[in-house]
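Single-letter residue listing:
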Amino acid sequence: INPLIFLHRSLLSLVRGLDYVLVHQRWIFVCLFLLPLSVVFDVYYYVRAWLIFKMCSAPKLHDQRVRDIQRQVREWKKEGSKSFMCTGRPGWLTVSLRVGKYKKTHKNIMINMMDILEVDTKRQVVRVEPLANMGQVTALLNSIGWTLPVLPELDDLTVGGLVMGTGIESSSHIYGLFQHICVAFELVLADGSLVRCTEDENSDLFHAVPWSCGTLGFLVAAEIKIIPAKAWVKLRYEPVRGLENICKRFTEASQNKQNAFVEGLQYSLDSAVIMTGTMTDHAEPNKVNRIGLHFKPWFFKHVESYLSGDYTGVEYIPLRQYYHRHTRSIFWELQDIIPFGNNPVFRWLFGWMVPPKISLLKLTQGETIRRLYEQHHVVQDMLIPMKHLQAAIMQFHQEISVYPLWLCPFLLQPGRGMVHPKGQQEELYVDIGSYGEPRVKHFEAKASTRRLEKFVRDVHGFQMLYADVYMDREEFWEMFDGRLYHRLREELGCKEAFPEVYDKICKSARH
Ligand SMILES: Cc1cc2nc3c(=O)[nH]c(=O)nc-3n(C[C@H](O)[C@H](O)[C@H](O)COP(=O)(O)OP(=O)(O)OC[C@H]3O[C@@H](n4cnc5c(N)ncnc54)[C@H](O)[C@@H]3O)c2cc1C
């Protein structure tokens, strides 16, 4: 046999073997490479943010950074506005599982702004740059006795993404979505000018920015409400059986403003655990559970034990650990990647390295895994009026049957932006989060998601835009109110500067 052919064949089978291991035994790669790399990433960003804040250099540098963004936008204009603009943050760094193709074709504007600028306890407002993330914000605010009223759970979610996309947490039944706790946005517009908008100043823009995904301007700072924090969350776990009963109990708990936190984890069509919590400074020592420690069971598994044991329980959880309760297991996504991740031996030895960074998982997933995920995996958050919860769960069950389902209630305020209730009254909604492998034989990514999307449109619900969106343009604008958005795009010269939001988030725009 020709040695060259032999070498070629050997290399081919090695590559195939490696590919097989990467796809089918991904945990090997994740545990050996991604976990240690993720720790290095985390430490670097944490130390950097801490140093900058301690040295108080951020406010001074902030103005300089804004001027740099204005310069880039004006340069783009001077060069003839040849292509649309987008933020220069690489697609793999974002939490969304998809990477925008437009990053390669649009003019990338570099926005390296990741600092907490000021905590004003008198006005009860924190001013932050767009790349500051939730892990960073809680680390600082909670340590000085404050917190955000709505604190989306994953450490890596950024203020910019939560303002321009959306954000939610188990306190949203009182405070609304992340956008509703924001009091001001500072933006660099398509002409390079800097504007501040609030409820009273440039109010149209203030209402149009959330959900616009960076297609009205670049966010350079946001002012967000803060509230006093207490040390513990007193959390009550209640197992509930029967779909009707689950929906009834969940609605009651969400309407009760005495509950500072409400969340449901649905484990099957007719079994769930509903959790209600309050903040407190005093904990009963024998009921303390520090769920964030690396050797503790994954939170959704711990919650499930109340269902299998069929008992109600109360625990005291440190506030910050409560906020990030789903971070270690990325809700329940990590069980598909590291199947033994919740094993006590693994947790004790390696739990402190978990979770791998979503960005690194994306960066290293390769085409085969990406395709497999697209065809056999669902990651969707659908926002539904609470009165349709039961019908919605039935629909999810028929179409995908993914469990657990995340149920998170929120109050949707009337408004004129892209997302608001039908009438002029505030309305209780629920975010149904579905993350995992569909368990129905007839699952077909496009057709099944389209049927879900239709259901959501029909009940005046909304789909979170980080996920795979299969709607066509007409259906999209049936779901979202585009009146103010389109008017402002016309007035602010956005049509030549940024793609329309649909063109940025639709399925064909991302891979
Ligand atoms: C695995 C997973 C878990 C999730 N968990 C939660 C959760 O617990 N709670 C929750 O509320 N949400 C959750 N989400 C959804 C999340 O809210 C969205 O992905 C959100 O948009 C934040 O993502 P990001 O910080 O990575 O922002 P990006 O994806 O970077 O940004 C979102 C959009 O905003 C635009 N944008 C960002 N910064 C700027 C800027 N400075 N100027 C102009 N435009 C900008 C981007 O171009 C993009 O279109 C989750 C999503 C996934 C995939």
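Bear in mind that the values here come from a model prediction, so they are computed numbers and not experimental data.

1. Focus on the UniProt feature "transmembrane region" (unreviewed entry) in the chain
- UniProt annotation of "transmembrane region" (unreviewed entry) refers to residues 27–47 when read in the numbering used here.
- From the first C-alpha to the last, residues 27–47 spans 28 Å; its make-up is 100% helix and 0% strand.

2. Quick word on the site of the ligand
- Taken together, 26 residues surround the ligand, and among them R89, V95, T158, T166 and I168 come closest.
- Within the side chain of T158, an N or O atom sits 2.7 Å from an oxygen atom of the ligand.
- Within the contact set of the ligand, an oxygen atom lies 3.1 Å away from a backbone nitrogen or oxygen of G161.
- Isolated, the ligand exposes 950 Å² of accessible area, and the fraction of that covered by the protein chains is 93%.

3. Looking at the sheet that holds strand β4 (residues 125–128)
- Strand order in the open sheet made by the 5 strands is β3-β4-β8-β6-β7, with antiparallel pairing throughout. Each of the sheet's edge strands pairs with one partner strand only, and the pair in question is β3 (116–120) and β7 (194–197). Averaged over all neighbouring strand pairs, the angle between strand axes comes to 15 degrees, with direction disregarded.
- The sheet contact formed by β4 and strand β8 (residues 218–225) spans 4 bridges and is antiparallel. Among the inter-strand pairings, V125 is bridged to a residue of β8, identified as K225.

4. Overview of the nonpolar core
- Grouped together as the largest cluster of nonpolar side chains are 153 residues, with contacts concentrated most on L148, I224, F476 and F480.
- Element by element, the count of residues in this core is highest for strand β15 (residues 405–412), at 7 residues.
- Among residues more than four places away in sequence, those in contact with F480 are W211, M418, V419, F462, Q463 and L465.

5. Focus on the sheet that holds strand β13 (residues 313–318)
- Across the sheet, which stays open at both edges, the 8 strands sit in the order β13-β10-β12-β11-β15-β16-β14-β17 with antiparallel pairing between neighbours. A strand with exactly one partner marks an edge of an open sheet, and here the two such strands are β13 and β17 (462–463).
- Each of β10 (232–241), β11 (261–268), β12 (271–280) and β13 is contacted by helix α10 (residues 299–309), which is oriented at about 50 degrees to β10, the strand it contacts most.

6. Looking at the packing of helix α16 (residues 389–399) against helix α17 (residues 445–458)
- Running from amino to carboxyl end, α16 crosses α17 at an angle of 170 degrees, the nearest separation of the two axes being 10 Å. Taken together, the axes of α16 and α17 lie roughly antiparallel to each other. In this structure, α16 contributes A391, A392, Q395, F396 and E399 to the contact, and α17 contributes S448, R451, L452 and F455.
- Of the residues contributing to the contact of α16 with α17, the split by class is 5 nonpolar, 2 polar and 2 charged.

7. Considerations on the domain arrangement of the chain
- On domain assignment, one finds that the chain holds domain 1 (56–228), domain 2 (232–328) and domain 3 (380–505).
- If you average the C-alpha positions of domain 1 and of domain 3, the two centres end up 22 Å apart.
- On the side of domain 3, 37 residues touch domain 1, which itself brings 35 residues to the contact.
- Both faces combined, the contact of domain 1 with domain 3 buries some 3,100 Å², and carbon together with sulfur accounts for 68% of it.
- Of all residues in domain 1, I168, W211 and T215 bury the most surface against domain 3, accounting for 22% of the area lost on that side.
- For the interface between domain 1 and domain 3, the tally reads 2 salt bridges.
- R487 is the salt-bridge partner of D204, the closest N and O atoms lying 2.9 Å from each other.
- At the level of elements, α7 (172–175) and α8 (203–208) are the ones that each hand at least two residues to the side of domain 1 that touches domain 3.
- Broken down by element, the side of domain 1 that touches domain 3 gets its largest block of residues, 5 residues, from α8.
- For the side of domain 1 that touches domain 3, the class distribution of residues is 17 nonpolar, 14 polar and 4 charged.

8. A few points about the pattern of salt bridges
- Considering all chains together, one arrives at 34 salt bridges under this definition.
- Close ionic contact of E475 with R457 constitutes a salt bridge, the shortest N to O distance being 3.7 Å. With E475 in helix α18 (residues 473–479) and R457 in helix α17, this residue pair connects regions lying 18 residues apart in the sequence.
- In this structure R457 comes out as buried when scored by relative accessible area, which is 15%.
- E491 is paired through a salt bridge with R487; the nearest N and O atoms lie 3.0 Å apart. Of this pair, E491 and R487 both sit in helix α19 (residues 483–491), 4 residues apart, roughly one helical turn.
- A residue is classified by how much of its surface remains accessible, and E491, at 52% relative accessible area, is exposed.
- Among the residues examined, R487 registers a relative accessible area of 37% and is labelled partly exposed.
- One continuous salt-bridge network, built from bridges that share partners, spans R236, E238, K248, R249 and E252.

9. Some thoughts on the packing of aromatic side chains
- Evaluation of the coordinates by the stated rule reveals 24 aromatic pairs.
- An aromatic cluster is built from W211, F410, Y429, F462, F476, W477, F480, Y485 and Y502, whose rings are joined through pairwise contacts.
- The side chain of R325 reaches across the aromatic face of Y322, ending 4.2 Å from its centre.

10. Let's talk about unusual backbone geometry
- Here the residue pair V354 and P355 is connected by a cis peptide bond, since its omega of 5 degrees sits within 30 degrees of zero.
- If you trace the backbone, P355 turns up in the loop between α13 (344–350) and α14 (358–363).
- Of note, the amide linkage connecting Y403 to P404 takes the cis form, showing an omega dihedral of -5 degrees.
- In this fold, P404 is placed in the loop between α16 and β15.
- Positive phi is not limited to glycine here, since C213 has a value of about 55 degrees.
- Phi is positive for I330, which is not a glycine, with a value near 40 degrees.
- Residue position: I330 is located in the loop between α11 (319–323) and α12 (334–337).
- The exposure class assigned to I330 is buried, which follows from its relative accessible area of 9%.

Definitions and cut-offs
Residues numbered from 1 in each chain as written. Predicted model: local features only at pLDDT ≥ 70, side-chain atom pairs only at ≥ 80, totals over all residues. Heavy atoms only, no water. UniProt positions renumbered as here; feature names shortened; annotations may be inferred. Helix = DSSP H or I, 4+ residues; strand = E, 2+ residues; numbered from the N terminus. Near = heavy atom within 4 Å. Polar contact = N/O pair within 3.5 Å; in protein donor to acceptor, adjacent residues only side chain to side chain. Areas by Shrake-Rupley, 256 points an atom, 1.4 Å probe, with all protein chains shown as cover. Pairing = 2+ DSSP bridges. Axes fitted to C-alpha atoms, helices over the stretch in contact; angles between N-to-C directions. Core = buried A, V, L, I, M, F, W, Y, C linked by side-chain atoms within 4.5 Å. Buried < 20%, exposed > 50% of the residue type's maximum accessible area, 1.4 Å probe, protein only. Contact = heavy atoms within 4.5 Å. Parallel < 35°, antiparallel > 145°, perpendicular 65-115°, else oblique. Nonpolar A, V, L, I, M, F, W, Y, C, P; charged D, E, K, R; others polar. Domains from an automatic or database assignment. Buried area = accessible area lost by both parts, 1.4 Å probe. Salt bridge = Lys/Arg side-chain N within 4 Å of Asp/Glu carboxyl O. Phe/Tyr/Trp six-rings, centres within 6.5 Å; stacked < 30°, edge-to-face > 60°. Lys NZ or Arg CZ within 6 Å of the ring centre and 35° of its normal.

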